[in-house]
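Below, each chain spelled out in residue letters.
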Amino acid sequence: MIKSPLNYTGGKYKLLPKLLPLFPEEFNDFYDIFAGGAVVSVNVANQYELVKSPQKKFIINDIDKNVINLYRYFRKNTSKKILSTINELIEIYNLSRTSEYGYDYYKVDSNKGLGAYNKKGFNKLKEDFNNELYLSDKYYAMFYVLIIYAFNNQIRFNKKGEYNLPVGKRDFNKNMQKKFIEFHKSLNMHEFVFSNKDFREFSDINAGDFVYADPPYRITTASYTENNIWGIKDDLDLFEFLDQLHLNNVKFAMSNVVHHKGTTNDELLDWVNSRGYNLINLNYNYDNSNYQSKAKNNDTTEVLVTNYK
């Protein structure tokens, strides 16, 4: 299984062994309409490598244009060139390199982390990125370096469109480098198409295609819902969108949460029951929450909704 070099709350890497066997054995094009870290797209493409036709496409879509343009940057350039630019930026902003020097060089250990050492350079990098100091490819290299050195390698923008996470404890260590190289290789092995749309804008999905939806979970408190970015209307619009796919003979699978910390997604359950779709309990509790929560100790019921057996 390929890991994403981007860290998303609720990312599906740990669920892949359960998810992939539940996907259809055959389909035409694959649409990942809330791709996020693209871990599902990349691993689906790898799994279907032996059976795909030359015309099969894998569409990676996300509403965050910076993320989609970052993937385009990864596809456009060799890993060697990208790594060279990353290392150049690390040097310019005087950020740590534990893969080369280790933790002792910076007078810290892995538990304490590198935040104090990297804070000044990271904040300057963040300022330059938000002010668009560099354009084109280098801009997206800056974006990726920000993610690498940010708190929990996360992505978050404020209402002004500014990247606003604080510095984190880690750097571009050997594990991060490995994740990037393997992801970059997979991203360049398959016929990926990148798009930056709201799900409501899709009008070209055809019978025989397969759509995977992993929307923000309205009843959780993850960072993407804290600014009311995703609400009840979005859920209902998504349900209507999936209903239309069903009428058009398009197979879909949607990840979601029906119970979380005592809250139930009644609208989701009512919709599934009224349509007769399949509700598969994945029996998974988050154990790597990136928000201040003890969700792993609470009853979180993650499910997969499908319109096929």
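Residues numbered from 1 in each chain as written. Predicted model: local features only at pLDDT ≥ 70, side-chain atom pairs only at ≥ 80, totals over all residues. Heavy atoms only, no water.

Trainee: Break down the packing of helix α3 (residues 65-76) against helix α8 (residues 174-187) for me, citing the residues and quoting the values.
Mentor: Two packed helices can be described by the angle between their axes and the distance between those axes. At a minimum axis distance of 9 Å, the contact between α3 and α8 shows a crossing angle of 80°. With respect to α8, the element α3 is oriented roughly perpendicular. Here α3 contributes Tyr71, Phe74 and Arg75 to the contact with α8, which in turn contributes Phe180, Phe183, His184 and Leu187. A class-by-class count of the residues in the contact of α3 with α8 yields five nonpolar, one polar and one charged. (Axes fitted to C-alpha atoms, helices over the stretch in contact; angles between N-to-C directions. Helix = DSSP H or I, 4+ residues; strand = E, 2+ residues; numbered from the N terminus. Parallel < 35°, antiparallel > 145°, perpendicular 65-115°, else oblique. Contact = heavy atoms within 4.5 Å. Nonpolar A, V, L, I, M, F, W, Y, C, P; charged D, E, K, R; others polar.)

Trainee: Residue-level account of unusual backbone geometry, with values.
Mentor: Phi at Asn94 takes a positive value of approximately 55°, unusual for a residue other than glycine. Along the chain, Asn94 turns up in the loop between α4 (79-92) and α5 (98-101). For Glu132, which is not glycine, the phi torsion reads 55° and is therefore positive. Here Glu132 is to be found in the loop between α6 (115-130) and α7 (137-149). Its relative accessible area of 45% is what places Glu132 among the partly exposed residues. (Buried < 20%, exposed > 50% of the residue type's maximum accessible area, 1.4 Å probe, protein only.)

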